[in-house]
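Architecture and fold: a report
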Amino acid sequence: MNLVVPNHIAIIMDGNGRWAKKKGMPRTYGHKAGADTLRKTLTSCAELGVKYLTVYAFSTENWKRAKEEVDTLMFLFKTYLRNEKKTLMKNNVRFIVSGRKDGVSQDLLNEIEKLEEVTKGNTGITLNIAFNYGGRAELVDAIKQIVQNGEKEITEETVEKYLYNQLPDPELLIRTSGEMRISNFLLWQIAYSEIYVTDTYWPDFNKDELIKAIESYQKRDRRFGGVK
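On a predicted model such as this, the values are computed, not experimentally measured, just so you know.

As for the packing of aromatic side chains
Applying the stated criterion across every chain, the model contains nine aromatic pairs. Here tyrosine 56 and tyrosine 133 contribute two aromatic rings whose centre-to-centre distance is 6.0 Å and whose plane-to-plane angle is 80°, an arrangement assigned as edge-to-face. A residue pair is termed long-range when its members are at least 10 positions apart, and tyrosine 56 in strand E2 (residues 52–59) and tyrosine 133 in strand E4 (residues 126–133) qualify at 77 residues. Under the relative-accessibility criterion, tyrosine 56 is labelled buried at 9%. Judged by its relative accessible area of 1%, tyrosine 133 falls in the buried class.

Written as structure tokens, this is what we have:
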């Protein structure tokens, strides 16, 4: 079977904590392993010809977690930003972040802005990190800007113009760890995305699992509400 690769894949990276618990380790151990999986998955997507990869790294609701876990996630993200610059540049990856800035330290915001700036001219795969992100929050923020700017006509195109980043909608949404929910992720953008759920925890997700998801996607009959 020839692989029909989606232009844009979105992933809810779930199961780090349960993966770590099974190994008798703290949740933070799972998040560290998950960061390595992200690196490998980005490489696999680029090799397969995917143009955009959006991953759910930290939601607006994740602030409710234990301080130690939140601090670890912030540290891991900052470390990723600092360590991946050369690799992203070498592999022609454009890096962007979608989410609110509220509550995020200025130091971390500076690191995000620096990496976005240095990679903005890259023309390979775009890595979009959904960080401090919520689908409802994105829509609320878009509506506020629409009102503030006095838009006269409200269309789908108007709303899309005010979303965090103007990317093509994902054709495929992957969720790891077997949970059957969207968790407030890309509520506008996934209106017609094909959904693939695997029981595999995120740290165990690999290229073979990615290909399984794409193979499932290419068997779908995408009608977008119409009839062929």
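Once you've had a look at it, read on.
A word on helix H3 (residues 67–83)
Given 3.6 residues per turn, any residue in an α-helix points the same way as the ones three and four places further on. Taking 1.5 Å per residue as the helical rise, H3 with its 17 residues ought to reach 24 Å, and the 24 Å between its terminal C-alpha atoms agrees with that figure. Those residues of H3 that sit buried are Glu69, Val70, Thr72, Leu73, Met74, Leu76, Phe77, Lys78, Tyr80 and Leu81.

Focus on the packing of helix H2 (residues 27–48) against H3
The description of two packed helices rests on the angle between their axes and on the distance between the axes. It is at 10 Å that the axes of H2 and H3 come closest, and there the two elements cross at 30°. Taken as axis vectors, H2 and H3 run roughly parallel relative to one another. For the element pair H2 and H3, the recorded crossing hand is right-handed. Mapping the contact onto sequence places Arg27, Thr28, His31, Lys32, Leu38, Arg39 and Leu42 in H2 and Glu68, Glu69, Thr72, Leu73, Leu76 and Tyr80 in H3. Residue classes in the contact of H2 with H3 are distributed as five nonpolar, three polar and five charged.

Some remarks on the environment of alanine 33
Locating alanine 33 in the fold gives a position in helix H2. Judged by relative accessible area, which is 17%, alanine 33 ranks as buried. Spatially, the C-alpha atom of alanine 33 lies 28 Å from that of alanine 137, the residues being 104 residues apart in sequence. Sequence-distant contacts of alanine 33, defined by excluding residues within four places in its chain, comprise Trp19 and Pro203.

Some remarks on the pairing of E4
The element E4 is extensively covered by neighbouring structure, given that eight of its eight residues are classed as buried. Across seven bridges, the pairing between E2 and E4 is parallel. What sits directly across from threonine 54, in E4, is asparagine 128. Sheet topology note: the strand E3 (residues 94–98)/E4 ladder contains five bridges and is parallel. Residue isoleucine 96 lies in a different strand from E4, and its bridge partner there is asparagine 128. Crossover connection from E3 via helix H5 (residues 106–119) to parallel E4: handedness left-handed.

Structural notes on the sheet that holds strand E6 (residues 194–197)
Read from one edge to the other, the open sheet built from six strands follows the order E3-E4-E2-E1-E5-E6, with strand pairing classed as parallel. Two strands in the sheet have a free side with no partner beyond their single neighbour: E3 and E6. The mean angle between the axes of side-by-side strands here comes to 20°, regardless of whether they run parallel or antiparallel. Where strand E1 (residues 8–12) and E2 come together, five bridges link them in parallel fashion. What sits directly across from isoleucine 12, in E2, is tyrosine 56.

Examining the pairing of strand E5 (residues 172–175)
The side chains of a regular strand alternate, first on one face of the sheet and then on the other. Along E5, one buried face is formed by Leu172 and Ile174 and the opposite face, lined by Leu173 and Arg175, is buried too. Bridge analysis of E1 against E5 gives four bridges, and the strand direction is parallel. Opposite isoleucine 9, over in E5, you have leucine 172 as the bridge partner. By the bridge criterion, four bridges tie E5 to E6 in an arrangement that is parallel. Bridging from a neighbouring strand, leucine 172 pairs with glutamate 194 of E6.

Thoughts on the UniProt feature "binding site: Mg(2+)" (unreviewed entry) in the protein
According to UniProt, the feature "binding site: Mg(2+)" (unreviewed entry) maps to Asp14 and Glu194 in the numbering used here. Of the residues annotated just before, the largest pocket has Asp14 among its lining. The topology assignment puts aspartate 14 in the loop between E1 and helix H1 (16–22). Given a relative accessible area of 15%, aspartate 14 falls into the buried group. Polar contacts involving the side chain of aspartate 14 include one to the side chain of arginine 175, which spans 2.9 Å. With respect to the helices and strands, glutamate 194 occurs in strand E6.

Thresholds, definitions, all that
Residues numbered from 1 in each chain as written. Predicted model: local features only at pLDDT ≥ 70, side-chain atom pairs only at ≥ 80, totals over all residues. Heavy atoms only, no water. Phe/Tyr/Trp six-rings, centres within 6.5 Å; stacked < 30°, edge-to-face > 60°. Helix = DSSP H or I, 4+ residues; strand = E, 2+ residues; numbered from the N terminus. Buried < 20%, exposed > 50% of the residue type's maximum accessible area, 1.4 Å probe, protein only. Expected span 1.5 Å × (residues − 1). Axes fitted to C-alpha atoms, helices over the stretch in contact; angles between N-to-C directions. Parallel < 35°, antiparallel > 145°, perpendicular 65-115°, else oblique. Left-handed = near helix turned anticlockwise from the far one by under 90°. Contact = heavy atoms within 4.5 Å. Nonpolar A, V, L, I, M, F, W, Y, C, P; charged D, E, K, R; others polar. Pairing = 2+ DSSP bridges. Right-handed = clockwise from strand over helix to strand, strands pointing away. UniProt positions renumbered as here; feature names shortened; annotations may be inferred. 1 Å grid on protein atoms, 1.4 Å probe; cavity = no way out; pocket = protein on both sides within 12 Å on 5 of 7 lines; lining within 4 Å. Polar contact = N/O pair within 3.5 Å; in protein donor to acceptor, adjacent residues only side chain to side chain.

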